[in-house]
Amino acid sequence: MQDQHRQLPRLVRMGNVRQILELTFGFLLAPIGIGALLIMAFPLDYFVFSKIYRVKNMTTGEKFSISKSDYKEYKKLKKINLKRLGH
């Protein structure tokens, strides 16, 4: 995951198709009342129930899927790397 300078790329987590649809239909159906349920379901889906994360490499623009455990490991390594660099 590191480049030739032993730097980790900047990865940003993105929503997957199901999560985007939950929000879209949630806002469209909000006047009816059903939308509120979908809007409340989004954070649970995004933060709790997702096992696979969709991420984007901000350097190259590449989008790919990564497991929740691998993403947590990436964040831990990124934090250690930032401390080492003095940020």
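So, a few notes on the structure that sits alongside this text. Quick caveat, the model's predicted, so the values are computed rather than measured.

### What about the packing of aromatic side chains?
Point 1. Applying the stated rule across the entire model yields four aromatic pairs.
Point 2. Seen in terms of ring centroids, Tyr 71 and Tyr 74 are 6.0 Å apart; in terms of plane orientation they differ by 35°. Their pairing is tilted. Of this pair, Tyr 71 and Tyr 74 both sit in helix H3 (residues 68-85), three residues apart, which is roughly one turn of that helix.
Point 3. Judged by its relative accessible area of 10%, Tyr 71 falls in the buried class.
Point 4. Judged by its relative accessible area of 5%, Tyr 74 is buried.
Point 5. What links up through ring pairs into an aromatic cluster is the set Phe 42, Tyr 46 and Phe 47.
Point 6. Sitting above the plane of the Tyr 46 ring, Arg 13 keeps its charged end 3.8 Å from the centroid.
Point 7. Between Arg 13 and the ring centre of Tyr 53, over which it is positioned, the NZ or CZ distance is 3.6 Å.

### Structural notes on a nonpolar patch on the surface
Point 1. A cluster of nonpolar residues, Val 17, Leu 21, Phe 25 and Leu 28, forms a patch on the protein surface that exposes about 410 Å² of accessible area.
Point 2. Here Leu 21 lies in helix H1 (residues 17-28).

### Re empty space enclosed by the protein
Point 1. Enumeration over the complete set of coordinates arrives at one cavity of 30 Å³ or more.
Point 2. In this structure, the largest cavity spans a volume of roughly 30 Å³.
Point 3. As for the largest cavity, its lining consists of Arg 13, Met 14, Asn 16, Gln 19, Ser 50, Ile 52, Tyr 53 and Arg 54.
Point 4. Those elements giving two or more residues to the lining of the largest cavity turn out to be strand S1 (11-14) and strand S2 (52-57).
Point 5. Per element, the largest residue contribution to the lining of the largest cavity is three residues, and it comes from S2.
Point 6. Residue classes in the lining of the largest cavity are distributed as three nonpolar, three polar and two charged.

### Describing the pattern of salt bridges
Point 1. Applying the stated criterion to the full structure yields two salt bridges.
Point 2. The residue Arg 18 makes a salt bridge to Asp 45 at a minimum N-O spacing of 2.7 Å. Of this pair, Arg 18 sits in helix H1 while Asp 45 sits in helix H2 (residues 34-49), and the two are 27 residues apart along the sequence.
Point 3. For Arg 18, a relative accessible area of 46% gives the class partly exposed.
Point 4. Glu 73 is the salt-bridge partner of Lys 76, the closest N and O atoms lying 3.9 Å from each other. Note that Lys 76 and Glu 73 are positioned in helix H3 at a spacing of three residues, about one turn of the helix.
Point 5. A relative accessible area of 39% places Glu 73 in the partly exposed class.

Cut-offs used in this document
- Residues numbered from 1 in each chain as written.
- Predicted model: local features only at pLDDT ≥ 70, side-chain atom pairs only at ≥ 80, totals over all residues.
- Heavy atoms only, no water.
- Phe/Tyr/Trp six-rings, centres within 6.5 Å; stacked < 30°, edge-to-face > 60°.
- Helix = DSSP H or I, 4+ residues; strand = E, 2+ residues; numbered from the N terminus.
- Buried < 20%, exposed > 50% of the residue type's maximum accessible area, 1.4 Å probe, protein only.
- Lys NZ or Arg CZ within 6 Å of the ring centre and 35° of its normal.
- Patch = residues over 30% accessible without salt bridge, like charges linked within 9 Å, V, L, I, M, F, W, Y side chains within 5 Å.
- Areas by Shrake-Rupley, 256 points an atom, 1.4 Å probe, with all protein chains shown as cover.
- Salt bridge = Lys/Arg side-chain N within 4 Å of Asp/Glu carboxyl O.
- 1 Å grid on protein atoms, 1.4 Å probe; cavity = no way out; pocket = protein on both sides within 12 Å on 5 of 7 lines; lining within 4 Å.
- Points joined across faces, edges and corners; volume = space filled by probe spheres on them.
- Nonpolar A, V, L, I, M, F, W, Y, C, P; charged D, E, K, R; others polar.

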